[in-house]
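Each chain, letter by letter, is given below.
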Amino acid sequence: MSSLKQTSQKKIGFISLGCPKALVDSEQILTQLRAEGYEISSSYEDADLVVVNTCGFIDSAVKESLDAIGEALAENGKVIVTGCLGAKEDGDVVKRAHPQVLAVTGPHALPEVMSAIHVHLPQPHDPFTSLVPPQGIRLTPKHYAYVKISEGCNHRCTFCIIPSMRGDLVSRPIHQVMQEAEHLVNAGVKELLIISQDTSAYGVDVKYRTGFWQGRPIKTRLTELAQALGTLGVWVRMHYVYPYPHVDKVIPLMAEGKILPYLDVPFQHANPRILKAMKRPANAENNLARIQQWRQICPDITIRSTFIVGFPGETETEFEELLAFLQEAQLDRVGCFTYSPVEGATANQLADPVPEAIKEERHARFMQLQEEISRQRLAAKVGQKMMVMIDELAEDQVIARSSADAPEIDGLVYVEKTDHVQPGDFIEVEITDSDTHDLYAVALNLDAPADH
């Protein structure tokens, strides 16, 4: 192997066939490759991967293209095919002749070609020439980061206008998500917070298409994503998980310590009629049974949810049904909102809007009950030992979070002043006190390495 091959430079071989229009396509691909830091190789031997831009206009051109693909496979082994022949029969002409190719696209397909290259030969990063670090620009502290896995939403909840602004669900390719996660971890991030409009629907729009990460096939689906993220050695926290049945498959990963035992599930209400008017799935009985099942599988699970009170038509009886659900569910973290008639929401047309005064009164009763539940659940943790992540160093104390606490929205763990620690460090603590939302603790075994 040549010395060039042993360097960090990533080199791509390129074969361009066909008409001037195909030539322009090749020029655009080559320009983008160089812009992203790839080197262009003139030989199969030095190339890490070969792109063949094909022609498929006449039979002789098809034969020439298939022969070129075959030669590239024989000499190099890693080949991506683009161009007119790739568009014939949705790529099946190429795949039948050469099933070993890594990917097939049609003509004028720069984004698709670059995406395929990124899967099989991730984009190089040169710290001396790139103005942007590989993990991108972040507004969060260095030790945690949000990773968005999709845009949009396929649901049409009557209180929500997000689909009208962001469109239907579009899942990010799983290799892109994992590559971003790896860059973040390599940059020192200790906690990945997985977000989207509907995290549990990840991959539905692409029919759970199989992608590739680190040379291995991996489905574009929540369970497989969670499994892969769980191998990175950092905290992984799942947010905005719609209560689909397949979410149950993620809970064992929490019990095994692969991802944090934390689930953010927006139930929104408990009364079946209200849920139907909201166009939300499931019902209170099913949700209560599932919560019980989740806790049996993973006793340490923290369940966060959000609810809406004062939805149009909500009666006092239906609201009391929500309170009864809250009492039985014993959720760890809860947010509650009064219904707001957002412009464009179809629920605004529903009959019997609830007066503002009643909305506020129900909100107060709801939060009073939940605060008592939270107080009792946190009090039960006094005396326990747990691992926490340091968020901030204050003058007289260390501010940290446990696996049960997402940043900004959940509680905190206040640790007595401790030296020789920094934000992002993990330390073991013993809980000494609690209140409605937060825990208080002392640090243990600071001389021993912390295992998060």
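Summarised in this report is the structure supplied together with it. Fair warning: this is a prediction, and the values are worked out from it, not measured in the lab.

Quick word on the packing of helix H6 (residues 110–120) against helix H8 (residues 174–186)
Right, so step 1: At a minimum axis distance of 10 Å, the contact between H6 and H8 shows a crossing angle of 50°. Here H6 is positioned oblique relative to H8, judged by the angle of their axes. The two elements H6 and H8 cross, and the hand of that crossing is left-handed. Along the contact surface, H6 presents Ser115, His118 and Val119, while H8 presents His175, Gln176 and Gln179.
Right, so step 2: The residue makeup of the contact of H6 with H8, split by class, is 1 nonpolar, 5 polar and no charged.

Observations concerning the sheet that holds strand S2 (residues 39–41)
Right, so step 1: Spatially, the 5 strands line up as an open sheet ordered S2-S1-S3-S4-S5, and their pairing is parallel. Each edge of the open sheet is held by one strand with a lone partner, namely S2 and strand S5 (103–104).
Right, so step 2: Relative to strand S3 (residues 49–54), strand S1 (residues 11–16) runs parallel, the two sharing 5 bridges. By the bridge assignment for S3, isoleucine 12 is matched with leucine 49.
Right, so step 3: Across the face of the sheet, helix H3 (residues 59–75) comes into contact with S1, S3 and strand S4 (79–83) while running at roughly 180° to S3.

Comments concerning the pattern of salt bridges
Opposite charge on two side chains permits them to pair, given that their charged atoms come into close proximity.
Right, so step 1: A complete count under the given rule lists 23 salt bridges for this structure.
Right, so step 2: When the shortest N-O distance is used, the salt bridge between glutamate 180 and arginine 172 registers 2.5 Å.
Right, so step 3: Accessibility expressed as a relative area gives 16% for glutamate 180, which makes it buried.
Right, so step 4: Judged by its relative accessible area of 23%, arginine 172 falls in the partly exposed class.
Right, so step 5: Two residues, aspartate 332 and arginine 377, come together in a salt bridge whose shortest N-O distance is 2.8 Å. In this pair, aspartate 332 sits in the loop between helix H13 (316–329) and strand S15 (333–338) while arginine 377 sits in helix H14 (residues 356–379), placing the two residues 45 residues apart along the sequence.
Right, so step 6: You can call arginine 377 partly exposed: its relative accessible area is 27%.
Right, so step 7: Here the salt bridges do not stand alone but share partners, grouping Glu314, Glu316, Glu361, Arg362 and Arg365 into one network.

Quick word on the side chain of histidine 239
Right, so step 1: The residue histidine 239 is located in the loop between strand S12 (235–238) and helix H10 (251–255) in this model.
Right, so step 2: On the basis of relative accessible area, histidine 239 is assigned to the buried category, the value being 4%.
Right, so step 3: With near-sequence residues (within four places) excluded, histidine 239 lies in contact with Leu193, Ile194, Ile195, Thr199, Tyr262, Asp264, Ala406 and Ile409.

Points about the sheet that holds strand S20 (residues 439–444)
Right, so step 1: Taken together, 5 strands build a closed barrel; the order of strands is S16-S17-S18-S20-S19 and the barrel is mixed. On average, each strand axis in the sheet is inclined to that of its neighbour by 55°, with strand direction left out of account.
Right, so step 2: As paired elements, strand S19 (residues 426–434) and S20 share 6 bridges and run antiparallel to each other. Bridge assignment links valine 429 to a residue of S20, and that residue is alanine 443.

Definitions and cut-offs
Residues numbered from 1 in each chain as written. Predicted model: local features only at pLDDT ≥ 70, side-chain atom pairs only at ≥ 80, totals over all residues. Heavy atoms only, no water. Axes fitted to C-alpha atoms, helices over the stretch in contact; angles between N-to-C directions. Helix = DSSP H or I, 4+ residues; strand = E, 2+ residues; numbered from the N terminus. Parallel < 35°, antiparallel > 145°, perpendicular 65-115°, else oblique. Left-handed = near helix turned anticlockwise from the far one by under 90°. Contact = heavy atoms within 4.5 Å. Nonpolar A, V, L, I, M, F, W, Y, C, P; charged D, E, K, R; others polar. Pairing = 2+ DSSP bridges. Salt bridge = Lys/Arg side-chain N within 4 Å of Asp/Glu carboxyl O. Buried < 20%, exposed > 50% of the residue type's maximum accessible area, 1.4 Å probe, protein only.

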